[in-house]
Each structure stands twice: as C-alpha cells, then as structure tokens.
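What follows is each chain in one-letter form.
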Amino acid sequence: MNHVLCGLAANTALPSELVDRLVAVADADIAAELAGRADLSHAQAVALVSRVEESAGRLAYEGRLTAADIDPAAQPHAALALLHVGAGSPEWARLLAADPLVEHREELAACPDLPCDVVELLAADSDVGVVAELALCAAPDVAARLAGHPHAEVRRAVAANETTPSAVLAALISGEGLPPAQRCLVCDREETPFVHDPQCARLDCDLLPGASCDGSHESTMHDMRQAALRNPATPTEAVIAFADHPSTLLRWALAARPDLPSEVCGRLAADGTPGVRADLAENPSIDEALIRVLAADRGHEVRRRLAHNPRVPLDVLADLADTAKIGATLLPRIAAASPMETMELARSANPAVRMLLAQRRDLPAEIRDALAIDPDAKVVKSIAGHPGLSDARLRTMVARHGARVLAKVAANPDATPALLEDLTQHQPPVQKALREVARHHNATAPALLTCLTDRRARPIAAGHPALPTPVIVELLTDTDWQVVEAAAANPSLPRAVMSDLVSREARAARRRTP
C-alpha cells in the first residue's frame, strides 16, 4: 500500500488536476479513498471505475454513476452495484443470471426488484448459495415457494426473510405442511452421520464449527428455527413454546421478541442462562413487575442491560446505578426524562445518578452549571463535554479534579485554544487528553507539537490543519505509516508539495509494477 498516495487521495484540498493524476495510477487502496471524495466529478468517477472496477460500489450508492457509464459484460461488478441501487438495466440482470461465476449470480440474487424471469432463473439455480441468497430478500410469494425447497440451507434463508408470510414461518418452525428437507451443506460434503470438529485443521473446509447431520440436517434446521424466532414476522403463537426448549440458543433468540406474553417473559426471567435473562432485561415489552424482579438478578450483565431498558422506572435505575457498571453512556430512560424528572435527578443524593444525568447534552444551563461544580469527579467528568460551559468553569474542573477530568475537558467543543495548550502541559501527561486535543478544531500549533510526542496522538495530530507546514512535510517520511497517511491527507499541505508527491510516488509505483 502506498500510504502517501492514499493520504493524498483523501486530502480535501487536493486540486482537481491532481485527482485526475491519482485516478490514472490508482490501485484498489487509492481508489477506495478517491471514491469517497465529495468533489469527485462524474467524469472522474467513470474513469476511476474503468481503472478499478471494485470502486463502483460506493460510487453507485452515492449516485455518482449511471447505467450509460457501464458495460455490464466488461464491468460486471459495476453493473451489480448499479442493480443494487435500482439504477441498472433489466437486461443486465438477464445477462448476469447466466454468468458462469457463482459469485456474480449470488450478488445478483441479493439485488432488489429483479425481473420475474430473472427471479425464476435464480430460484432454479444449480448452486444452493445463489438460491439461498435470493430467499433472504425474496418477495412473499417467492419466499413461500422456496420454503419447500429440498435444501435446508434455502429454508434457513427463508426463515430469516421478514417478508416471508407468517403462516409459512410458522410451518418452517413446526415442519407441518412442508415436505422434509432432503439435503444440507453438511451431507452435501460428508458421509452421515457427521459432526464437524470445531478444531478442524482442513484449510479447504468452510463448514461452521459443530455443524452436523445424521440424516435429519439437524444443525441447519436448528439454525432455521433460530432465524424464525428472531424474525418479527413469525407469529407469537408459533414461538412461545420455545421458552422451555432445551436449546439455549433458541431460548436466547426468543428473549428479545417484543410480542411475548407476560407469562412467557416470566419463564424466561428464571432461565439458567444469564444471556437469555440479559436480552429479556433490555426488552422494552416487559412490564414493571418483571423489571423489578430482574433488578435483583445476580447476573451483572442482566442488571447492566436492564439499565438500558427505556421503560425502567427511575427509582430502579437509581439502584442499578450503584450495582451495575453502566459506564459513560446516555441511557434511554435518562434521555427521555421530563423536565421535572431531570430536576429531581440533578438533586439526587446519589452521585452515580447525577453522573448518568450529566451524560445528556441538552440540559438547561442552570442544571449543567450545577453539575459542573459537583463535588464528585465522576459527575464532573460526565458533564465536562457539555457544550456551553465557559472557559472559567472548564478550568475550575481541571483545578479541582486534575487528570481524572482532563480528557473530557479537552473534548469539550468550546474548549479555547489557550486552554487546550495548557492541558497539553499537564504533568504527568494524560495520553487520552493529548489525543482529544489532537483532534480538536481549536487546537493550536504549540498544542499539536506536544501531541506529536505521544505515540497514539501523533497520527491524529499529523492530520490537523493547524500544524505548521514544515512539520507536516517532515512527517511524510515518518516511520509510522498512519502518521504518513495523515500528513498526506492534511489540507494544509502546500499544493506544490502535493504535486511533487503525486509525480514522485506515481513514478515509484510504476517502477514497482512488473
């Protein structure tokens, strides 16, 4: 990978004529950066696809290509990209449905709004991977038909398709009304009975660990039921019996469904697997009585996930704040707190509760400022990134709590250039704070030069436009490729240097090409 050219390709200040020159020498890595340029012209996009066809995906999704730009026979990847966004021609789909490369037919099968005759061709494809890909997103009538496909892998895909009719999904779970599956990926390749060794050392083997078949295609059928249980279109009455199923994975798939009767939720709340109870705890459909039961659960992850439930009562959340390691995150119930509730949370005697509230970035000024002078460092650390805090308040935070709040203060969008410089001089240095300063839009040259002394802040600082020009140029030869790429992408890099780099690196790239 040529890190200088990759950086230049992402440089927002790169002149159009240099973009043209990079397009002419682009490899896959450079093309990936060029395809993301907001200023890439239509002509440049077409030229880039002609040079590196794989770049068509992003360009197609962003509307940079049209059907007139592509020859589907010579550029199948580009044609598929346009078909994915609905901008391709139906004739392309017919051409690609007969493509000898399975990968192309699989990708075609995932495209929306295919002509009916193409859908029929793909549904009858000799490769099960193509049919399964079609089944994942097929229209209801096609999905219903493929539910009876002889290959279990296709049925598994139908079970995951949210447009599959609910009656068909129920039949896939029960097996009633459908002919038995005849094959699966396991018995396609191995003599049954067979269980795939999780430590399989065969380099050409792509079966999943534990995949098995004794003639009933059990592992694939299990996966099919798991997919159906996760599918919101599967009717409730078809899934509730799985609350007592011996398979942990099937009970686990059930726990996150929003349509479970309270009696089923109660059974899952007593499940022996913490992961099942944790998924249930975050399920917004559980009632308050069950929330209070789960709040006393001994599983840490259960309590942590319960704190993320948007319906958790605030008094329960206050208890969870002490017992569950929630971390620096804005919880849904805190984000939805009313003005009166917000005031009560700010007055809580529990600093863990005040810390959770301080994660909001839309607090009234009086509450924000009160939390900014909170005696607890955890609260101050949480509020430090809130916009609108004055320079004096931010400096007071640092004076009172030092290194514990330094990084969050450095990340405040209103931190002044002078404050950022002062933060970089803190002793001992706070590495995370240096990284925050390095990416801050108000960072000054002196602050950034200090950031360059830290290994992890160095690549970030190398791309900051306030870095002195001679330093940026010097960093182009750094031993760290991330620093080199960031420096090349720095918009303050002089145009003359950019031009010289494109010429020099392009010549070197051509010499390396056999």
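Above: the structure in question.
Residues numbered from 1 in each chain as written. Predicted model: local features only at pLDDT ≥ 70, side-chain atom pairs only at ≥ 80, totals over all residues. Heavy atoms only, no water.

S.K.: Lay out the environment of glycine 7 in plain terms, naming residues and giving numbers.
M.R.: Relative to the helices and strands, glycine 7 resides in helix H1 (residues 3-10). When its relative accessible area of 1% is taken as the criterion, glycine 7 is described as buried. Spatially, the C-alpha atom of glycine 7 lies 4.4 Å from that of alanine 489, the residues being 482 residues apart in sequence. Apart from the residues within four sequence positions on either side, glycine 7 is in contact with Glu485, Ala488 and Ala489. (Helix = DSSP H or I, 4+ residues; strand = E, 2+ residues; numbered from the N terminus. Buried < 20%, exposed > 50% of the residue type's maximum accessible area, 1.4 Å probe, protein only. Contact = heavy atoms within 4.5 Å.)

S.K.: Residues and numbers for the side chain of histidine 217, please.
M.R.: Residue position: histidine 217 is located in the loop between strand E2 (212-213) and helix H15 (218-230). Judged by relative accessible area, histidine 217 falls into the buried class, the value being 4%. Contacts of histidine 217, omitting those with residues within four sequence positions, involve Ala152, Ala181, Gln182, Arg183, Cys184, Cys187 and Ser212.

S.K.: So what's going on with helix H8 (residues 102-109)? Residues and values would help.
M.R.: Where H8 is concerned, the buried positions are His104, Arg105, Leu108 and Ala109. The arc that holds the buried residues of H8, viewed along the axis, is 140°, so those residues lie on one side. Where the residues of H8 are buried, they touch helix H6 (76-84), helix H7 (90-97), helix H9 (116-123) and helix H10 (128-137). (Arc of directions from axis to C-beta.)

S.K.: Before we move on, could you go through the nonpolar core and cite the residues and values that matter?
M.R.: Among the nonpolar cores identified, the biggest contains 166 residues, and Leu8, Leu108 and Met397 are the most heavily contacted of them. With near-sequence residues (within four places) excluded, leucine 8 lies in contact with Leu14, Leu22, Arg37, Ala488, Ala489, Leu493, Met498, Leu501 and Val502. (Core = buried A, V, L, I, M, F, W, Y, C linked by side-chain atoms within 4.5 Å.)

S.K.: So what's going on with the packing of helix H21 (residues 300-307) against helix H22 (residues 314-323)? Residues and values would help.
M.R.: Packing of H21 against H22 leaves a shortest axis separation of 10 Å and a crossing angle of 135°. In terms of orientation, H21 and H22 fall into the oblique class. Relative to H22, H21 is oriented so that their crossing is left-handed. Of the residues in H22, those in contact with His300, Arg303, Leu306 and Ala307 of H21 are Leu317, Leu320 and Thr323. (Axes fitted to C-alpha atoms, helices over the stretch in contact; angles between N-to-C directions. Parallel < 35°, antiparallel > 145°, perpendicular 65-115°, else oblique. Left-handed = near helix turned anticlockwise from the far one by under 90°.)

S.K.: Account for the pattern of salt bridges, with residues named and values stated.
M.R.: Counted according to the given criterion, the structure contains 30 salt bridges. Measuring nitrogen to oxygen at the nearest pair gives 2.6 Å for the salt bridge that ties arginine 305 to aspartate 279. Residue arginine 305 is found in helix H21, and its partner aspartate 279 is found in helix H19 (residues 274-282); the two are separated by 26 residues along the sequence. Summarising the burial analysis for this pair, arginine 305 and aspartate 279 share the class buried. The residue arginine 368 makes a salt bridge to aspartate 369 at a minimum N-O spacing of 3.0 Å. (Salt bridge = Lys/Arg side-chain N within 4 Å of Asp/Glu carboxyl O.)

S.K.: Tell me about the state of the cysteines, and please be specific about residues and values.
M.R.: Taken as a whole and assessed by the stated rule, the structure comprises zero disulfides. The cysteine cysteine 116 is free of any disulfide, with cysteine 137 supplying the nearest cysteine sulfur at 14 Å. With no disulfide of its own, cysteine 213 has cysteine 184 as its nearest cysteine by sulfur position, at a separation of 3.8 Å. (Disulfide = S-S within 2.5 Å.)

S.K.: Any chance you could break down the environment of arginine 225 for me, citing the residues and the numbers?
M.R.: One can find arginine 225 in helix H15. Separated by 69 residues in the primary sequence, arginine 225 and arginine 156 place their C-alpha atoms 7.6 Å from one another.

S.K.: Summarise unusual backbone geometry; cite the residues concerned and give the values.
M.R.: Here the amide bond leading from threonine 192 into proline 193 is cis, since omega sits at 0°, within 30 degrees of zero. Residue placement: proline 193 occurs in the loop between helix H14 (185-189) and strand E1 (194-195). A cis amide bond links glutamine 427 to the next residue, proline 428, at an omega of -5°. Along the chain, the position of proline 428 falls in the loop between helix H30 (417-424) and helix H31 (431-439). In this structure, aspartate 113 takes a positive phi of about 55° despite not being glycine. Within the fold, aspartate 113 resides in the loop between H8 and H9.

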